[in-house]
Structure formats: structure tokens, C-alpha cells
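Single-letter residue listing:
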Amino acid sequence: MMKFKILGALLLLSGFLYATDAGNPSMIDQMHLRKWNILVSQAQLSPKEVELVQPVFMEYENAVWTLHQKNREFFKSAFQNKSKGKPNFAELNDRYADFDFQDAQLFRNYHYKLRKLLPPETLFKYYLAEKEFKRKLLRDFQDRGPREAPKP
């Protein structure tokens, strides 16, 4: 159950970030850079490890971001077109499950690449740093409170 709450919060957060600044890809780049710097610092990566891991990190981050964008666009369009009536909930449910599966596949491939590049203890620290980054991002998002609706 907690996994679904975290996934939902991450989807909401990725949607929020996309919606607030969809025309500014540098915001996404800044978030990736901020995350990368935290991972390097907290996992105590050596300069050689940084050189090896950074391309793998960016490939994974970009793939996950693309997946989140596609998913967000699909769900948004499913609920926007009210002239069709109710959305196809069976399709929405399948898409939700497929998203979770694709996200897991991306992470598995990421993990297999990382474990070839980092010693097990360092990789563990890296994953802990990633989890802490996500927790902090969610806390920051929650601390902002609800967004105000635009005024007509």
C-alpha cells in the first residue's frame, strides 16, 4: 500500500514539475543535477566512479522522466475529453499497471549497469542517497501546501 502512495506522490510531483514549467527543460536539468550532486556526495563516489556512473545516471533519469511525461499526458487526455463521457477505466487501470512495470524494468536495468560499476557497499550508499533525495523532495512538495487555482 505504501508503494502505491509513494508512486502516486511521485506521479503527482512529476506532473506538478512538468505543469509548472513545461516550457523550461533547464528546470528538469537542474533537478537532475541537484540529485546527481547529492548522490555523489552522500555515496562518496570517487572521481573515477563519478566519470563511470554519471552517463548511466543521466540515461536512467531521462528514461524515467520520459515515461512519467507520457503517462501524465495519457491520464490527462483521458480525463480532459468529457464529450466522450466517462474515461475507459479498464484502459486506465491497465496503463497504471503497465507504468509500474515499465518503471520497475527501467530500475532493474539501471541496477544491473550500476552493479558493474560500483562496489556493493558504495552502491548501497548510492541507493540510500537516492531514497533520501526522493523523501526530501516529497517533504518539500508537501510543505508548499496546495496550489491556488488560477483566478479568472
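Only a predicted model underlies this, so the values are computations on that prediction, with no experimental measurement involved. Residues take numbers from 1 onward in each chain, read along the sequence in its written order. Per-residue local features of the predicted model are confined to residues with pLDDT of at least 70, and side-chain atom pairs are confined, for both listing and counting, to 80 or more; whole-chain, interface and lining totals are unaffected and use all residues. Only hydrogens and water are removed before side-chain values are computed, so all heavy atoms of the structure are retained for them.

### Quick look at the packing of helix α3 (residues 47-80) against helix α5 (residues 120-144)
Packed helix pairs are characterised by how far apart their axes lie and by the angle those axes make with each other.
Now for step 1: Geometry is summarised by axes, namely lines fitted to C-alpha atoms with helices restricted to the contacting stretch, and by angles between N-to-C directions that run from 0 to 180 degrees. Think of it this way: any DSSP run of H or I at least four residues long counts as a helix, any run of E at least two long counts as a strand, and we number them from the N terminus. Where α3 meets α5, the closest approach of the two axes is 14 Å, and the angle between their N-to-C directions is 40 degrees. Between α3 and α5, the crossing angle belongs to the class labelled oblique. In the crossing of α3 with α5, the sense of the turn from one axis to the other is right-handed. Counted together, E49, V53, F57, Y60 and E61 of α3 and T122, Y126 and E130 of α5 form the full contact between these two elements. Should an angle lie under 35 degrees it is considered roughly parallel, over 145 roughly antiparallel, and from 65 to 115 roughly perpendicular; all remaining angles are considered oblique. Crossing handedness follows the turn of the near helix against the far one: under a right angle anticlockwise gives a left-handed crossing, and clockwise gives a right-handed one. Whether two residues are in contact is decided by their heavy atoms: any pair within 4.5 Å suffices.

### What to know about the packing of α3 against helix α4 (residues 89-117)
Now for step 1: Between α3 and α4, the shortest axis-to-axis distance is 10 Å and the interhelical angle comes to 180 degrees. Here α3 lies roughly antiparallel to α4, going by the angle between them.
Now for step 2: Residues that form the contact of α3 with α4 fall into these classes: 21 nonpolar, three polar and six charged. We call Asp, Glu, Lys and Arg charged. Ala, Val, Leu, Ile, Met, Phe, Trp, Tyr, Cys and Pro are nonpolar, and the rest, Gly among them, are polar.

### Side note on the confidence of the model for the protein chain
Now for step 1: Scored by pLDDT, the protein chain comes out at a mean of 82, with 77% of its residues at no less than 70.
Now for step 2: Within the model, pLDDT remains below 50 along residues 1-13, and this stretch shows 17 contacts once partners closer than five positions in the same chain are excluded.
Now for step 3: Every residue gets a pLDDT, meaning the predictor's confidence in that residue, from 0 to 100. Contacts of residues 15-23 to residues separated by more than four positions or lying in other chains number 15 contacts, the stretch itself having pLDDT below 50.

### Topic: unusual backbone geometry
Now for step 1: Residues other than glycine seldom take positive phi values, yet Q44 does so here, at roughly 55 degrees.
Now for step 2: Burial here depends on accessible area, computed with a 1.4 Å probe over protein chains only, as a share of the maximum for the residue type. Under 20% is buried, over 50% is exposed, and the range in between is partly exposed. Classification of Q44 as exposed rests on a relative accessible area of 57%.

### Re the pattern of salt bridges
Now for step 1: Whenever a carboxyl oxygen of Asp or Glu lies within 4 Å of a side-chain nitrogen of Lys or Arg, that contact is scored as a salt bridge. Considering all chains together, one arrives at eight salt bridges under this definition.
Now for step 2: Between K35 and E130 there is a salt bridge, with the nearest N and O atoms lying 3.5 Å from each other. Taken together, the positions of K35 in helix α2 (residues 25-43) and E130 in helix α5 put the pair 95 residues apart, joining distant regions of the chain. For the pair shown, K35 and E130 are each scored as buried.
Now for step 3: A salt bridge links K113 to E59; the nearest nitrogen and oxygen atoms lie 3.1 Å apart. Here K113 is found in helix α4, whereas its partner E59 is found in helix α3, with 54 residues between them in sequence.

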